[in-house]
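Here is how the chains run, residue by residue.
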Amino acid sequence: MPQAIKSRPRVVGSRMVYGGLSVWSVALAVVFVTPFGYLIWRSFDLSVTWSDNFSQAWGPLRNTIFLALSVSVAAAVVATWLAWMLARTDLPGRRVWSVLAPLPLAFPSFVGAIALLAGFAKGGLIEELLSPFGIASVPRIDGFWGAWAVLTLFTYPYVYLPVRARLATLPHSLEESARLLGRRPFSVFFSVVLPQSVTAISAGSLLVFLYTVSDFGAVALLRYNTLTRSIFSNRLIDQATSIAHGLLLAVLALVVVVAERRLSSLGSSTAPPSRLRPARTVLLGRWRWPAMAAVVGWIGVALIGPLAVMGFWVVRGIANRGRITGPLALSFDNILEPARNTLSIGLITALVAVAAMLPLARLTARYRSKLGAICSNLVVTGFALPGLVIALAFSFWVLHSPLVSFYQSLPLLVLAYSLHFGAQAARVSETAVETVPRPLEEVSHTLGAKRVRRFFRVDLPLMSPGLLAGAGLVLLSTMKELPITLLLHPIGFDTLSIRIWTAAEELAFAQAGLESLVLVALSAVLTWFLLVRRVRFWGDV
Amino acid sequence: MTSHDPTAMTSHDPTAMTSHDPTVMTSHDPMLSVVGVSKSFGSVPVLEDITFSVPRAATLVLLGPSGCGKTTLLRLIAGLERPDKGEIWRGEELLTGGGTYIDVRHRRIGMVFQDLALFPHMSVFKNVAYGLRPGHRRNREIVEEAIALVNLEGLEHRRPHQLSGGQQQRVALARALVPRPEVILFDEPFASLDTSLRIEVRSEVHELLHTLGTTAVFVTHDQEEAFVIGEEVVVMKDRQIVQHDRPSVLYRQPASPWVGLFVGHANMLPATVQGTTASTCIGDIELLESSTVSTTNGTLGNVEDSSDSSYNSNSSVNVLVRPEHLQLFDGKEAKVELVEYHGHDTMYAVKLTDNQKMLKVLVPGSSPQFDHGAEVALAYVGPPTTAFPAEGG
């Protein structure tokens, strides 16, 4: 039997599976590359030229980069400060603030923008609160500052969560050594904690940057002219400009992703995570109450503020029932259907995305296949591509192909969503596959279990927590999504985000507020289960 | 287990007296004193009424099984935790107690952590320089001196992860020494090294501390390490100090059977006492006249209580017999059950024919003299030893 011993065990009997996984993965990668490829091809087809189309892009491009940088820096600073305060100091009530701090993630940016507009609008909460002080009119906050504020307020949890997780696993002896060597808490923070959290901060800031460059709802509502806004407004009247700007946006996103990966691979000198207890509390002393005021103020503005503004409009709307139009127009009749649509399309997308990613995850994590790694990287770039670019590519492609009947159909919508959010499922699925110990698989193999039976009885139960988490992330993202939904949703199939968008465009603040509260409530529950509870496992919340 | 225990044995043993030598006595010029310290985490007590002191320029080892509270004690001294009760002094300065709490950074106490806690993002040079106030002109010189002291010249620009375990150890030591602390604490610093390297690094650290005359407190659960490094050893068990002595005293005159077994291999032979002689099944064994038990009073070799000078006649005791103090001959008293050959010596387990009791015997020499199953006789060849009152006796 020497030949049998020589042959590698993983190949025995699993060639078919390996082949199948490979074919699926390559097909998946092709689908993921399609939108970008299509845009490039289309740009040649429409003979997009530098002078005509790219030159007009300078303004929007500059605005996009400027906004994304400002938001990333602000979010990174606030989130790191907040994470440190809540993880390391004796701030009063830090358990409560720790639970609330990540929750602004439940607000889609366009809902945040509506809250800002509605809050400062005539008859809004701000005016109401200020009128006793004799201030009759409040300025309208929009443009750069509005977009900057809204995006910072609702994206900082992307940095807060990884930094908080990092602080929970940073070996306490590092900070204690620094203190024993004579340093004050702030010096310890800047010389030890910050350098050791840089990877987490930059990974989180990258997400904020990508979110900002691809954000469409907030900048459109607040009238700040970025690339996404010009792509959207030109898509019907000037396809060439729209495509040129879409390409530019895609390239920008990809360049930033690659740059961040390069940078973070350079700074590899970080302490490995430790499971020991975290460092002892820094005593704030006389800074206790000012610090708490700052934390409460921030969480108030990012979480309580928008809810209060929306709630205020809803209450006013209820008090003035019967109006057909205007800010106070309010109807409860059509709230259930879009909520159901939002949940069902989100669930379908989550299922499709996880099911599509699982074979690829198995290929990369179990078989350590090179082909799998390449496909996996291509899939992850899908996440970097802004949703609007994906939507644009799909709509142009379908409209110019024999598949025109699929335009604005549910399958196409799910496909576009999966493409955009599949990367989230891919990473989690890979981790899930790795949680199945190989010896266990071999044991069940030697016990004579058939492959299919083995998958359902051994692998799937072990992977299910990870897969559920991945599916949950996709569901959450899909529920909050706007540009793809706006461009590709079937006529008559309204989701909450479509309804909110329409109401906001009509300045029906009470209606937009009501629908926003429903959407935020749904996504807050998911955010809680998926993100906040996980961090609680990592550290002392 | 104090010397005031009526059943404990006290008297005027010469070895005990040497520990009264004023140069070794700790109470005259203690560099560090811990007085009546207790600590709980929530409702879980971790330290109860701990009192001891460390003489200037001495090395003291806190020895105990894991979970006995020794690391917490070290962290209390460093100021990383606050005691619930008691005081901690550095020389004449009160660090903790009675409402006083000197901040960690003002204590002039250095610490080497179990994981060494080198800053991964800094070079060796920057790690060592971390404890100095930035911007001083002599800083560079001081750091270079410290790096030379621990033989790390040429590695200044490496990052910690590019160093071997032993080199990392030396960086951690240099970093702790640079701010010139009055006391330096070590929390099982050699635990991560493999055996041969551990012994090598341990000797280096030992020698360096000796040369520099630094006062040091080590925490370890390894008896051998405690004996090698410690001029004084504090044995801890279940949140309390059970004995504080020099290693040689600890080994010969443990305060309890538990200590005796914790600090080395031991046989406990039942016997009856006549005067200072114990009759055991392998013959008579001379007993030490005193037990130099010092527990919680914080000084070495407390033998003040000398009135209770001998054992009650005919009382039942267990005699502590170290395996190396037994010899094997040809005979019919016992049978060899197990032979463990170590190279420099051989450990035998023999079973007495009379009462089926198993005894450990350590015989020096480069090859085993007896085989498994051989019939042997035993003799006690050691110095006077210690006995403990038998259970219920």
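Owing to the predicted nature of the structure, the values given are computational and were not obtained by experimental measurement.

Outline the overall build of chain A, supporting the account with residue identities and numerical values.
Looking only at helices and strands, one finds 24 helices and zero strands in chain A. Counting the 541 residues in chain A, one finds 55% classified as buried. When contacts within chain A are restricted to residue pairs at least 6 apart in sequence, those whose partners lie at least 24 apart make up 83%. Element-wise, carbon and sulfur atoms account for 68% of the exposed surface of chain A, whose accessible area totals about 24,300 Å².

I'd like to hear about the interface of chain A and chain B, residue by residue, with values.
Taken together, the 26 residues of chain A in the interface contact 24 residues of chain B. Across the chain A/chain B interface, buried area totals approximately 2,200 Å², and carbon plus sulfur atoms make up 56% of it. At the junction of chain A with chain B, the criterion picks out one salt bridge. Scanning the region where chain A abuts chain B turns up seven residue pairs in polar contact (both at pLDDT 80 or more). Mapped by element, the contributors of at least two residues to the side of chain A that touches chain B are helix 10 (172-180) and helix 11 (185-214) of chain A. Per element, the largest residue contribution to the side of chain A that touches chain B is eight residues, and it comes from helix 10 of chain A.

Outline the pairing of strand 14 (residues 283-286) of chain B, listing residues and values.
Residues and elements named next belong to chain B. Note: strand 13 (residues 277-280) against strand 14, four bridges, orientation antiparallel. Each bridged residue has a counterpart across the sheet, and for Ser-279 the counterpart in strand 14 is Asp-284. Between strand 13 and strand 14, which pair antiparallel one after the other, the connecting turn spans two residues.

Report on the pairing of strand 15 (residues 316-321) of chain B, specifying residues and quantitative values.
Residues and elements named next belong to chain B. Where strand 12 (residues 267-274) lies against strand 15, six bridges are found, and the strand directions are antiparallel. In the sheet register, Met-268 faces strand 15, and the bridge partner there is Leu-320. Alignment of strand 15 against strand 20 (residues 387-389), held across three bridges, turns out to be antiparallel. When the sheet's bridge partners are listed, Asn-318 is paired in strand 20 with Phe-388.

Could you give an account of helix 19 (residues 410-434) of chain A, with specific residues and numbers?
At Phe421(A), helix 19 of chain A shows its strongest bend, of approximately 55°. Among the 25 residues of helix 19 of chain A, 18 are classified as buried, and the element is accordingly described as predominantly covered.

Describe the confidence of the model for chain A, naming the residues involved and giving the relevant values.
Detailed reading of the predicted coordinates is not advisable wherever pLDDT is low. All names here are of chain A. Predicted confidence across chain A gives a mean pLDDT of 82, with 90% of residues reaching 70 or more. Ranking the elements of chain A by mean pLDDT puts helix 1 (residues 2-6) last with 41 and helix 4 (residues 58-88) first with 94. Residue range residues 1-12 is modelled with pLDDT below 50. Its contacts to residues more than four positions away, or to other chains, number two contacts. Here residues 535-541 is a poorly scored stretch, pLDDT under 50, and it has 15 contacts once near neighbours within four places are set aside; other chains count.

Can you tell me about the sheet that holds strand 16 (residues 326-341) of chain B, naming the residues and giving the values?
Strand pairing in a sheet relies on backbone hydrogen bonds, with the paired strands running either antiparallel or parallel. Residue and element names in this part refer to chain B. Judged by pairing direction, the sheet is antiparallel, and its four strands sit side by side in the order 18-17-16-19 without closing on themselves. In this open sheet, the two edge strands, each paired with only one partner strand, are strand 18 (358-364) and strand 19 (375-380). Neighbour-to-neighbour, the strand axes of this sheet turn through a mean angle of 55°, independent of strand direction. In this sheet, strand 19 lies alongside strand 16 in antiparallel orientation, the contact comprising seven bridges. Counted as the bridge partner of Asp-330 is Val-376 from strand 19.

Residue-level account of the side chain of Arg175(B), with values.
Here Arg175(B) shows up in helix 5 (residues 165-177). Within the buried set, Arg175(B) has no salt-bridge partner at all; the shortest N-O distance to an opposite charge, 7.5 Å, is to Asp115(B). Residues in contact with Arg175(B), not counting those within four places in the same chain, are Ser177(A), Leu181(A), Leu116(B), Ala117(B), Leu118(B), Phe119(B), Asn127(B) and Val128(B).

The rules behind these values
- Residues numbered from 1 in each chain as written.
- Chains lettered and ligands numbered in written order.
- Predicted model: local features only at pLDDT ≥ 70, side-chain atom pairs only at ≥ 80, totals over all residues.
- Heavy atoms only, no water.
- Helix = DSSP H or I, 4+ residues; strand = E, 2+ residues; numbered from the N terminus.
- Buried < 20%, exposed > 50% of the residue type's maximum accessible area, 1.4 Å probe, protein only.
- Contact = heavy atoms within 4.5 Å.
- Areas by Shrake-Rupley, 256 points an atom, 1.4 Å probe, with all protein chains shown as cover.
- Buried area = accessible area lost by both parts, 1.4 Å probe.
- Salt bridge = Lys/Arg side-chain N within 4 Å of Asp/Glu carboxyl O.
- Polar contact = N/O pair within 3.5 Å; in protein donor to acceptor, adjacent residues only side chain to side chain.
- Pairing = 2+ DSSP bridges.
- Bend = angle between axes of the 7 residues up to and from the residue.
- pLDDT = per-residue confidence, 0-100.
- Axes fitted to C-alpha atoms, helices over the stretch in contact; angles between N-to-C directions.
- Lys, Arg positive; Asp, Glu negative; His and termini not counted.

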